[in-house]
Amino acid sequence: MTEADGDTTEAPGGRRIAVLGEMLELGDEAVEAHREVGRMAAENGVDLIVTVGAALAKQLALAAGAAGVPDIAMVGDNGTAAAYLASILRPGDVVLVKASRGGQLWQIAQALIGQPVTGL
């Protein structure tokens, strides 16, 4: 996420939605790294964050909310995230899906575009 430059293509009226899972294998830096991503999402004008995971995802969501992201949803798994997104997405929305490979968040993108959902 640190490489995002904020120049996301967006149709008029669309929202910037970030679906963010836990970043694995960060060791002692994990909590602060997740908080920083939450703050960066606010700085980049994200309208909605959907966090996927447990404790670290919660840290990301809390930091994003404190930094000004207006809407936040926290879910525990990819299936729930995909179902939630399918229910709220509207034309013009732009969705970023990002996490460690171990989170398998590509499954969310696959579900949203109608592809068969694959595992590792």
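Each remark here, short or long, concerns the structure printed above.
Remember, it's a predicted structure, so these values are computed and weren't measured experimentally. (Residues numbered from 1 in each chain as written. Predicted model: local features only at pLDDT ≥ 70, side-chain atom pairs only at ≥ 80, totals over all residues. Heavy atoms only, no water.)

For the rest of this paragraph, the subject is the sheet that holds strand E3 (residues 71-75). Sheet architecture is open: 4 strands sit in the order E3-E2-E1-E4, paired in parallel fashion. Of all strands in the sheet, those bounded by a partner on one side alone are E3 and strand E4 (94-98). In this sheet, adjacent strand axes meet at a mean angle of 15° when their direction is disregarded. Its contacts with the sheet place helix H2 (residues 55-67) against strand E1 (16-21), strand E2 (48-52) and E3, and it is angled at close to 165° to E2. (Pairing = 2+ DSSP bridges. Helix = DSSP H or I, 4+ residues; strand = E, 2+ residues; numbered from the N terminus. Axes fitted to C-alpha atoms, helices over the stretch in contact; angles between N-to-C directions. Contact = heavy atoms within 4.5 Å.)

Following the criterion strictly, the structure yields 3 salt bridges and no others. Across the pair glutamate 32 and arginine 39 runs a salt bridge whose closest N-O atoms are separated by 2.3 Å. Given the relative accessible area of 40%, glutamate 32 is considered partly exposed. For arginine 39, a relative accessible area of 26% puts it in the partly exposed group. Arginine 39 is paired through a salt bridge with glutamate 36; the nearest N and O atoms lie 3.0 Å apart. Taken together, the residues span about one helical turn, with arginine 39 and glutamate 36 both in helix H1 (residues 30-43) at a distance of 3 residues. The class of glutamate 36 is partly exposed, set by a relative accessible area of 33%. Overlapping salt bridges, with partners in common, bring together Glu32, Glu36 and Arg39 in one network. (Salt bridge = Lys/Arg side-chain N within 4 Å of Asp/Glu carboxyl O. Buried < 20%, exposed > 50% of the residue type's maximum accessible area, 1.4 Å probe, protein only.)

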